[in-house]
Amino acid sequence: MDLAYGPEYEEFRAEVRGFLDRTWPPDEAAGSSRREQVARFRRDATEHGYLYRGVPRQYGGSEQPADALRAQVIREEFGRARAPMEVPGNGVAMLVPTLLERGKDWQKERFVPKTIAGEYKWAQGYSEPGAGSDLASLRTRGELQGDDWVINGQKIWTSAALECQYMFTLVRTEPEASKHAGISYLLVPLDQPGIEIRPLKMITGESHFNEVFLTDARTPADWIVGERGEGWNVSRTTLKHERNAIGGGAQAIFESLLRLVQKATVDGEPALQDPAVRERVAALEAWVWAQKYSSYHQMTCGLQGTDPGILPLLNKLLATEIGHEIARTALDLIGDASLLAPFDEATERDERGAPSLRRGGERWLNQFMGSLGNSIAGGTSNIQRNIIAERGLGLPREEAAN
């Protein structure tokens, strides 16, 4: 495997690095707030073609030709400089690409620009109390009354709903159709009398998830993505992008573990002098590099137009498993200090929107607890294994229990 990018892309890397050296971090003496500085940097980076590359200029993006290697160079250099990438959240990661693929022109014009600018924040209304892994059994119903959809039902595990203005959600609009064919994909404003949002206390102590109760909630009739009854297929577009988002990040967590290992001690000696610690960290590093090289292979297949096989199906599963093992290793190194309260309501976040990983045990306990949730988000690990077995390896479906 030749991992060299070649002269063209190394020249592009130098261009990106030069841009970052000039613009990030911004001049602290400029008098503007950190939020304003980050927003200005993102606009500048977009103008130079580094951010929102797949979004047309008419919707606020940089509209660059698809180039997986250039995109990878940008990720690497922005990560090296700890510079902010796109606005974090469900809107940019999931809804924007879904609208670009499946939305109507007016929907793209109305929602995409303000979403990538961070003005519109979106919740994802998928799971329900009785519809998690079997999402197609959802019961929330939408009836078309005049110019509005009238929605009644309940959603659960809705991330950051209290912070969002809108929700993209799956609703049963064709009750007589089969369960997969009777679902529609609706965009719903959250600031209305028919919607109540109740926070859920998580094991980490925070309340990132919420219940959303819809009682005669309304949304305009044309706020539907795709056609009536096509919501299941539209949702698969969103889910593809959600799993890709969850499938990254193991490298950053591992780098945090390495920083911890450099500080940690075992029986008063540096942790890395302990053979058991070295073996454990080496095994984790092997998994991280294996996933990274797997992503290189997938990227090469995409460039060559060849089939990468089951590798794309493994991304989300392996990333969550690796992240869990990294956090568990950190807790073992920290010892009793990891029993401290895991969460502070004023959670620090870096400029990319990710939780800041302090070296304290309470932060790693929070990371560990959160890794349990990642094995559920975007499709549980067990369901993902079934998909890999049946669709990737061609194994027969397991017989349903009587």
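One structure accompanies this document, and this report is about it. (Residues numbered from 1 in each chain as written. Predicted model: local features only at pLDDT ≥ 70, side-chain atom pairs only at ≥ 80, totals over all residues. Heavy atoms only, no water.)

**Quick look at the packing of aromatic side chains**
Okay, so step 1: Counting across every chain of the model gives 17 aromatic pairs.
Okay, so step 2: Aromatic pair F111 and W122: ring centres 5.3 Å apart, planes at 80°, arrangement edge-to-face. Linking F111 in helix α5 (residues 105-116) with W122 in strand β1 (residues 122-125), this pair joins segments that are 11 residues apart in sequence. Exposure class is identical for F111 and W122. Each is buried.
Okay, so step 3: Ring pairs connect the aromatic residues F12, F19, W24, F41, Y50 and F78, which therefore count as one cluster.
Okay, so step 4: Geometry around Y5 places R13 over its ring, the cationic atom sitting 5.0 Å from the centre.
Okay, so step 5: When the ring centre of F12 is taken as origin, the NZ or CZ atom of R70, which lies over that ring, is 4.3 Å away. (Phe/Tyr/Trp six-rings, centres within 6.5 Å; stacked < 30°, edge-to-face > 60°. Helix = DSSP H or I, 4+ residues; strand = E, 2+ residues; numbered from the N terminus. Buried < 20%, exposed > 50% of the residue type's maximum accessible area, 1.4 Å probe, protein only. Lys NZ or Arg CZ within 6 Å of the ring centre and 35° of its normal.)

**Digging into unusual backbone geometry**
A negative phi holds for most residues other than glycine; trans holds for most peptide bonds.
Okay, so step 1: P25 follows W24 through a cis peptide bond whose omega is 0°.
Okay, so step 2: Positive phi is not limited to glycine here, since Y52 has a value of about 50°.
Okay, so step 3: By the secondary structure assignment, Y52 is in the loop between α2 (34-47) and α3 (68-81).
Okay, so step 4: For Y52, a relative accessible area of 5% translates into the label buried.
Okay, so step 5: One non-glycine residue, D216, lies in positive phi territory at about 50°.
Okay, so step 6: Judged by relative accessible area, D216 falls into the partly exposed class, the value being 48%.

**Re the pattern of salt bridges**
Okay, so step 1: Per the counting criterion, the structure on display carries 17 salt bridges.
Okay, so step 2: A salt bridge links D67 to R70, with the shortest nitrogen-to-oxygen separation between them at 3.9 Å.
Okay, so step 3: The class for R70 is partly exposed, based on a relative accessible area of 26%.
Okay, so step 4: For R280, the salt bridge goes to D332, with nearest N and O atoms at 2.8 Å. A residue pair is termed long-range when its members are at least 10 positions apart, and R280 in helix α8 (residues 275-304) and D332 in helix α9 (residues 311-334) qualify at 52 residues.
Okay, so step 5: For R280, a relative accessible area of 32% gives the class partly exposed.
Okay, so step 6: The class for D332 is partly exposed, based on a relative accessible area of 47%. (Salt bridge = Lys/Arg side-chain N within 4 Å of Asp/Glu carboxyl O.)

**Structural notes on the nonpolar core**
Okay, so step 1: F41, Y50, F78, W122, F168, Y185 and L187 are the most contacted members of the largest nonpolar core, which totals 48 residues.
Okay, so step 2: Contributions of two or more residues to this core are made by α1 (7-23), α2, α3, α4 (90-102), α5, β4 (166-172), β5 (183-189) and α8.
Okay, so step 3: Excluding residues that lie within four positions of it along the chain, Y50 makes contacts with F12, E15, V16, F19, A45, I74 and F78.
Okay, so step 4: Counting residues in each nonpolar core, the second largest holds 20 residues, with L257, V261, F368 and M369 among its members. (Core = buried A, V, L, I, M, F, W, Y, C linked by side-chain atoms within 4.5 Å. Contact = heavy atoms within 4.5 Å.)

**Some words on the packing of α1 against α3**
Okay, so step 1: One way to put it is that α1 packs onto α3 with a least axis distance of 10 Å and a crossing angle of 35°. Crossing of α1 against α3: the hand is right-handed. Between α1 and α3, the residues in contact are E8, Y9, F12, R13, V16, R17, F19, L20 and D21 and L69, R70, V73, I74, E76, E77, F78, R80 and A81, respectively.
Okay, so step 2: Counted by class, the contact of α1 with α3 contains 10 nonpolar, no polar and eight charged residues. (Axes fitted to C-alpha atoms, helices over the stretch in contact; angles between N-to-C directions. Left-handed = near helix turned anticlockwise from the far one by under 90°. Nonpolar A, V, L, I, M, F, W, Y, C, P; charged D, E, K, R; others polar.)

**Here we look at the pairing of β4**
In the case of a regular strand, side chains alternate between the two sheet surfaces.
Okay, so step 1: With seven of seven residues buried, β4 lies mostly within the body of the structure.
Okay, so step 2: The alternating pattern of β4 places Y166, F168, L170 and R172 and M167, T169 and V171 on opposite faces, both of which are buried.
Okay, so step 3: As judged from the four bridges shared by β1 and β4, these two strands associate in the parallel manner. Directly across from G125, in β4, lies its bridge partner T169. (Pairing = 2+ DSSP bridges.)

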